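Reading the structure
Chain by chain, the residues:
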Amino acid sequence: MKKLAIFTILVLICGTTSPSLVTNAYGQNDPSILLRIAVQADKQIINQLDQVYGTQIPNNIQILYDNGQKAVESLDESLSNDDVEKAKQDFLLAMNSFMQISRTISHSSQQVSQMTISEKSNNQLSNEIDRLVKYSKTLEKLSKKYDVNVESDFIKINQLVGKLQSQINDSNTNSDNVINQIKNILKSIKSDIHEAAVNQRSDRIKQLLNQLLDEIDENLKTAEMNGVDKTQIDMGHELVLEVKDLLSKNQIDDAKAAYYELKELMKNIGYPVIFR
Amino acid sequence: MTSLIEPTQLNNSLGDDGILFVRNDSILDTMVKVPLLVASIIIAAALLPVQSSFSSPRDIDLTIYPDGSTHVLSEIDVDPFLTDYELNLFGNTIDNLVVIGDNEFLLDVDIIDDTALIQTFGSSVITIEYDIHDLVSKQGRLWTFSLDSPSDFTLLLPKNSAIVGMTNLPINMEIINDQNQLTLSSGPTEIDYLFSTNSISNLTEEIKNEEDNYLYIIIGGIITGIIVILLVSVIIIVRNKQKNVKKIDQVVTIQKNVILDLETIFKLKSDLREDDKELVKFIFNNNGEALESELRKKFLQPRTTMWRAVKRLEREGVVEIQKKDLQNLVKLRKNMEEET
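The residue numbering used here restarts from 1 in each chain and proceeds along that chain's sequence as written. Just so you know, chain letters begin at A and ligand numbers begin at 1, following the order they were written in. Owing to the predicted nature of the model, reporting of local features is limited to residues with pLDDT of at least 70; listing and counting of side-chain atom pairs is limited to 80 or more, with chain, interface and lining totals taken over all residues.

1. What to know about the packing of helix H8 (residues 230-248) of chain A against helix H9 (residues 252-268) of chain A
All names here are of chain A.
- In the contact formed by H8 and H9, the axes pass within 9 Å of each other and the chain directions differ by 160°. It follows from the interaxial angle that H8 and H9 lie roughly antiparallel. For the element pair H8 and H9, the recorded crossing hand is left-handed. Counting all contacts with H8, which are made through Gln232, Met235, Gly236, Leu239, Val240, Glu242, Val243, Leu246 and Leu247, the residues of H9 involved are Asp254, Ala255, Ala258, Tyr259, Glu261, Leu262, Leu265 and Met266. What counts as an axis is a line fitted to C-alpha atoms, over the stretch in contact for a helix, and the angles between N-to-C directions run from 0 to 180 degrees. The numbering of helices and of strands both runs from the N terminus, where a helix is a DSSP run of H or I of at least 4 residues and a strand a run of E of at least 2. Oblique is the label for any angle not covered by the other classes, which are roughly parallel (under 35 degrees), roughly antiparallel (over 145) and roughly perpendicular (65 to 115). In this scheme the handedness of a crossing depends on how the near helix is turned from the far one: anticlockwise by less than a right angle means left-handed, clockwise means right-handed. Here, residue contact means that the backbone-derived C-beta atoms of the two residues sit within 7 Å.

2. What to know about helix H2 (residues 32-53) of chain A
- To estimate how far a helix should reach, multiply one less than its number of residues by 1.5 Å. In this model H2(A) runs 31 Å from its N-terminal to its C-terminal C-alpha over 22 residues, within 8% of the 32 Å that 1.5 Å per residue would give.
- Where H2(A) ends, the next residue or the one after it, A:Gly54, has phi of about 65°, a positive value.

3. A closer look at the sheet that holds strand S7 (residues 109-112) of chain B
Residues and elements named next belong to chain B.
- At least two bridges found by DSSP between two strands are what make those strands a pair. The strand order S5-S8-S7 describes an open sheet built from three strands, whose pairing is antiparallel. Lying at the two open borders of the sheet, with one neighbouring strand each, are strand S5 (85-88) and S7. When strand polarity is set aside, the average angle formed by the axes of neighbouring strands in this sheet is 20°.
- As paired elements, S5 and strand S8 (residues 115-118) share four bridges and run antiparallel to each other. Looking across to S8, one finds that Asn88 is bridged to Thr115.

4. Some remarks on the pairing of strand S9 (residues 125-132) of chain B
Residues and elements named next belong to chain B.
- Most of S9 sits inside the fold, with six of its eight residues counted as buried.
- With eight bridges connecting them, strand S4 (residues 70-77) and S9 associate as antiparallel partners. Residue pairing for S9: Ser74 is matched across the bridge by Ile128.
- Summarising the sheet, strand S6 (residues 94-100) and S9 pair through five bridges and their orientation is antiparallel. Paired with Val98 across the strands is Glu129, a residue of S9. The exposure scheme places C-beta atoms from the backbone and then counts, for each residue, the other C-beta atoms within 10 Å of its own, assigning buried at 20 or more, exposed at 12 or fewer, and partly exposed in between.

5. What about the sheet that holds strand S19 (residues 327-332) of chain B?
Residues and elements named next belong to chain B.
- Pairing in this open sheet of three strands is antiparallel, and the strands run S17-S19-S18 from one edge to the other. In this open sheet, the two strands that pair with only one neighbour each are strand S17 (289-291) and strand S18 (319-324). Mean inter-strand twist for the sheet, computed between neighbouring axes without regard to direction, equals 25°.

6. So, the environment of A:Ser80
All names here are of chain A.
- Locating Ser80 in the fold gives a position in helix H3 (residues 59-80).
- Classification of Ser80 as exposed rests on a count of 10 C-beta atoms within 10 Å.
- Put simply, Ser80 and Ser32 are 48 residues apart on the chain and 9.5 Å apart in space, counted from C-alpha to C-alpha.

7. With respect to the nonpolar core
- Defined on buried residues, the nonpolar core groups Ala, Val, Leu, Ile, Met, Phe, Trp, Tyr and Cys residues joined through C-beta atoms within 7 Å. Membership of the largest hydrophobic core comes to 68 residues, with the highest contact counts inside it found for A:Ala38 and B:Val164.
- If you tally residues by element for this core, the top one is helix H4 (residues 84-109) of chain A, at eight residues.
- The residues contacting A:Ala38, other than those within four sequence positions of it, are A:Val72, A:Leu75, A:Phe91, A:Ala94 and A:Met95.
- B:Leu279, B:Val280, B:Ala309 and B:Leu332 belong to the second largest nonpolar core, which has 15 residues in total.

8. Brief notes about the confidence of the model for chain A
All names here are of chain A.
- As a per-residue measure, pLDDT tells how confident the predictor is, with possible values from 0 to 100. Averaged over chain A, the pLDDT score is 82; the fraction of residues at 70 or greater is 81%.
- Below a pLDDT of 50 lies the segment residues 19-28, which in the model reaches 20 contacts outside its immediate sequence neighbourhood of four places, other chains included.
- Counted against residues more than four places away or in other chains, residues 111-119, with its pLDDT under 50, gives 14 contacts.

9. Some thoughts on H3(A)
- Between its first and last C-alpha atoms H3(A) spans 32 Å; for 22 residues at 1.5 Å apiece the expected length is 32 Å, and the two agree.
- A positive backbone phi angle near 55° is found at A:Asp82, which sits one or two residues after H3(A).

10. Observations concerning the pairing of strand S15 (residues 179-184) of chain B
All names here are of chain B.
- On S15, burial follows the alternation: Asn180, Leu182 and Leu184 on one face are buried, whereas Gln179, Gln181 and Thr183 on the facing-out side are not.
- Where strand S12 (residues 153-156) meets S15, four bridges bridge the pair, whose relative direction is antiparallel. The residue bridging Thr154 from the neighbouring strand is Thr183, located in S15.
- The pairing of strand S14 (residues 172-176) with S15 spans five bridges and is classified as antiparallel. From the neighbouring strand, Ile175 faces S15, where its bridge partner is Asn180.
- Linking S14 to S15, which pair antiparallel, is a turn of two residues; within it Asn177 sits at a positive phi near 50°.

11. Here we look at the environment of A:Glu238
Residues and elements named next belong to chain A.
- Structurally, Glu238 can be placed in helix H8.
- A count of 12 C-beta atoms within 10 Å places Glu238 in the exposed class.
- Along the backbone, Glu238 and Leu262 are 24 residues apart, and their C-alpha atoms lie at a distance of 9.3 Å.

12. What about the packing of helix H7 (residues 176-225) of chain A against H9(A)?
Residue and element names in this part refer to chain A.
- Two elements in contact, H7 and H9, have axes whose closest approach is 11 Å; the angle formed by their N-to-C orientations is 30°. Classified by the angle between their axes, H7 and H9 sit roughly parallel to one another. Between H7 and H9 lies a crossing of left-handed hand. Along its contact with H7, which presents Ser202, Ile205, Leu209, Ile216 and Asn219, the element H9 presents Ile252, Ala255, Tyr259, Leu262 and Met266.

13. Regarding the confidence of the model for chain B
Residues and elements named next belong to chain B.
- Put simply, chain B has an average pLDDT of 74, and 68% of its residues get 70 or more.
- For the stretch residues 44-57, pLDDT sits under 50, and the model shows 19 contacts to residues farther than four places along the chain or on other chains.
- When the criterion is pLDDT under 50, residues 245-256 qualifies, and its contacts beyond four places in sequence or with other chains add up to eight contacts.
- Under the prediction, the complex receives an ipTM of 0.74, its pTM being 0.60.

Structure (structure tokens):
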């Protein structure tokens, strides 16, 4: 019994200490992350103020900064006292003050400029390449799934991407033409994949609908036996036939529309189509 | 409940030293099974917070490029019986849109203004990704990200960016490839940031150091736990040996811990899908366990499809899922036969 007691105590100690270790280890969920963000923001604001105003900080901005800094100090204190709610308030107050300062400084220096695709510095060109490469990889994966033979197109895209990258290194920003070429190739690849996908998807939809129609047919029979309005039952049977007819004619979109109507009817009579 | 005491073997009921050996299931239960059961429950209770702290909803993942455009990746559960699904995009300036349904089917999409009408029929989960240029604006050196999100989301900020203002409390913050990733709640959010090399690297280092410390603590905790469990197991085994009454239960335990052969598994679970059987075969041939990521690579399945397959096998009682290094370790169950 002694050993059993020791065992239980050991396991209990282990059990109680493990969760606390875990909470600390994944403490990015804990409020101390708020202090880190606020302190870094504070440092950034000090740098900005120093660069823009030097020692001549306008009064309104100085007040905002003092409020922000006090809130950071209070945040630190709240965290020390484990007062999470107060810490959250302090964080929002500090970040709001810093946000106002940043916006005031930026507003005075330059007008708002919404990002558009046409704004292309070398940095933006690099980002554009990243985006196109990411998109290209997604399409390449899909093309393999659908067995679409567009390998040569991807080789061409890789070459053009290489060309663009060399333009970045040469500080040559006249890259619109190459980007358009890549986009056109990607558009063509997507179109090919789409075409290949349509057939497979149609088959899948047909298979699924036929399976559902059999179940709906059975449900209509049960509903009829349970005394559901005959008009509704007849309408249901008619819709089942209509969907089957449209499927046989390969009119998938029309079949889907008719099925949707049937689905609503089944729901209304209390026999909804249920996922199995 | 009455305890029945009876001789274990009539021929050898008395030992050389005249001690009467008895068979008593209740005593065995108390001495062997109960401590193990208690240990299992407590260990499971200890591990529960680990799993819950690892899990986080990632329905919407945003990545901001340094030029302010944003990549959106979203996974959405949809009704497979609905023919279409209408999704509000986060703006009008959309590029590189791809929508994929179950089994990586490319789905048709019509975009009208900031709404996408997706033909989802037959799909229960869709993955949509696109680039958008509406979420970030720039004023002087200051960049502002604005979004009214329908659900919690993650936001990966560009490298060397430093947050200088935000309207919401972050749920979480991580460093991924020297980039800040915030997890934020649904609703309107504004975040102001600047590009600055010094501050972000300091923050990164600070967090990394803390993560390292936490990692050491965790490893230490786990090692201590394992030592304790081993120690206790040794005590139990030694005690049982001394009592000389372990044979029957040992046989049972060994039987329970043996993974069944494939034929028996498929016989017991005759209604398994063919693709699920392939998974089971692979796991069996991989010493009875495999990471979910390995299964995805092997069978070239998307994350959600494989996850559902594994959950299906778990529901069937064929496998059990354990956490290993933040990944799902899928193991064939050892006591399948008993449960069936």
